[in-house]
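Spelled out, the chains give:
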Amino acid sequence: MAKIIQEREKCIGCGSCVALCPKFWEMGEDGKSSLKGGKQNSEGNCELETKEIGCNQEAADSCPVQIIQVIKE
Ligand code: SF4
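Okay, so let's go over this structure.

Calculation rules
- Residues numbered from 1 in each chain as written.
- Predicted model: local features only at pLDDT ≥ 70, side-chain atom pairs only at ≥ 80, totals over all residues.
- Heavy atoms only, no water.
- Buried < 20%, exposed > 50% of the residue type's maximum accessible area, 1.4 Å probe, protein only.
- Helix = DSSP H or I, 4+ residues; strand = E, 2+ residues; numbered from the N terminus.
- Pairing = 2+ DSSP bridges.

What follows covers the pairing of strand S5 (residues 46-50). Summarising burial for S5: 4 of the 5 residues are buried, a large majority. Summarising the sheet, strand S1 (residues 2-6) and S5 pair through 5 bridges and their orientation is antiparallel. Across the sheet, the residue bridging to Ile 4 is Leu 48, located in S5. Two strands pair when backbone bridges link them, and strand S4 (residues 39-40) and S5 are joined in this way by 2 bridges, in the antiparallel orientation. Counted as the bridge partner of Gln 40 is Cys 46 from S5. Counted along the chain from S4 to the antiparallel partner S5, the turn is 5 residues long, and its residue Gly 44 has a positive phi close to 85°.

Right under this line is the structure:
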C-alpha cells in the first residue's frame, strides 16, 4: 500500500501533476489540483490510499512547490 498526500492549500495550479499523472490527478474548479478519490485528513491535507504508486512519484517530483508526498507502506 501507499499513501499520497497533497498540501492542497499551497497548490499554485500549475497543472504539472495532472499532465503527468491524469489517472490520479485532476484540476478542480477552484484552480487547484485534486487527488481523484482523495479525502481530507486530520491535518487538512488531501490524502489517498492506493495499492500502486503508479505515476504519483513523477507527479511529486514535478511539483514546483513540493507539496506532494508519496509514502510507501
Ligand atoms: S504540480 Fe503541485 S502546484 Fe502544480 S497543480 Fe500539482 S500539486 Fe499543484
